[in-house]
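Coordinate inspection notes
These are the residues of each chain, in order.
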Amino acid sequence: FPEKGLVELTVDQLDYRSEHGWANYAKGVIKEFIKRGFLIQQGFDLAIYGNLPEGAGLSSSASLEILVATILNDVYFFDVSKTDLALLCQKVENDYMHVNCGIMDQYVIANAKSNHAMLLNTAKLSATQVNIDLPDHEIVVINSKIKRGLVNSQYNERRKECDKALKIFQKVLSVKHLCDLTLDQFTKNAHLIEDDNVLKRARHVITEHYRTIDAHYQLVNDNLEAFAHSISMSHDSLRDDFEVSSEELNFLVSSAMKHGSLGSRMTGAGFGGSTVNIVPKEKIEVFKQNVTDDYKNKTGIIPDIFVIFPEDGTHEIK
């Protein structure tokens, strides 16, 4: 970021400063290591190059956190596990950057496996890897180029609404998390929630849990169309019940489905960013052109469209 120049500091100058921009994520990780008693007795020069578009809902901040944490872990021989690195970086996001995020992004980035999808239980921090071999299809990301506005405050608000729903259900049910409710339990007790927004947030969380379980089942059984359908159903719920989508994202999803995607969904925290799509390989080039034309005619913006591949988590390139 040329406009930021070189950010230079000592280990006692790690407090958040807005003018440092993205360097704050690196500073936050260093500070969290020191808070936990790890010794950083000599400094380092760090230059980062990346091709992940910022603000596109593609976990760029979590990627940066895990990258810096992995570098420190390796260079200073801290011997921290990947899961604990993820938890450390989540702490940075929560306490240093003041975003009340969960553990998913950091955990996946640290523990991803090439050519696999991951079923992650965030309560137990246990994960199941499932092969995602797509011989005839590609995973395609479409960046709307709409920067996510107010995403942090809106994200925190959704968390508060979910916590409120959980407390109401806990008065009559022995559950620790919203997703512990069965669909039947939710239906029978939904009347307890008088705030319609709170009810919708709870409905999204609970149905999304079961959609995820079903999506894993479909992948294990090589039913790509059913898996893709789960992706589309997920978007509908994010749009209507969690209300974190946007007009542009909804348009990209409908355009993608019209032009051959098996399933399409917004990804990331919402209010802008990107969609993820499952597209037949034989249709890729026509798909890109048609969606680009649709979106440009609608918004005047040319989207970034690229094929992605599941890769290994953060590691040193030998």
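Just above sits the structure.
My aim in this report is to walk through the structure given alongside it, one point at a time.

Cut-offs applied
Residues numbered from 1 in each chain as written. Predicted model: local features only at pLDDT ≥ 70, side-chain atom pairs only at ≥ 80, totals over all residues. Heavy atoms only, no water. Helix = DSSP H or I, 4+ residues; strand = E, 2+ residues; numbered from the N terminus. Buried < 20%, exposed > 50% of the residue type's maximum accessible area, 1.4 Å probe, protein only. Contact = heavy atoms within 4.5 Å. Pairing = 2+ DSSP bridges. Axes fitted to C-alpha atoms, helices over the stretch in contact; angles between N-to-C directions.

What about the environment of Leu219?
Here Leu219 lies in helix H7 (residues 196-220). Of the residues examined, Leu219 reaches a relative accessible area of 10% and is grouped as buried. In this structure, the C-alpha to C-alpha distance between Leu219 and Val68, residues 151 residues apart in sequence, is 33 Å. Those residues in contact with Leu219 that sit more than four places away from it in its chain are Ala117, Val130, Ile132 and Phe227.

Overview of the sheet that holds strand E4 (residues 263-267)
As summarised here, the arrangement of the four strands in space is E4-E5-E3-E6, forming an open sheet in which the pairing is antiparallel. Each end of this open sheet is capped by a strand with a single partner; those strands are E4 and strand E6 (304-308). Direction aside, neighbouring strands of the sheet carry axes that sit 25 degrees apart on average. In terms of strand pairing, strand E3 (residues 137-143) meets E6 through five bridges, oriented antiparallel. Across the sheet, residue Val141 finds its bridge partner in E6, namely Phe306. Relative to the sheet, helix H10 (residues 284-299) contacts E3, strand E5 (274-280) and E6, its axis offset from that of E3 by approximately 20 degrees.

Some details on the pairing of E4
For a regular strand, side chains alternate in direction, first toward one face of the sheet and then toward the other. Two strands pair when backbone bridges link them, and E4 and E5 are joined in this way by five bridges, in the antiparallel orientation. Along E5, the bridge assignment pairs Thr267 with Ser274. Counted along the chain from E4 to the antiparallel partner E5, the turn is six residues long, and its residue Gly268 has a positive phi close to 95 degrees.

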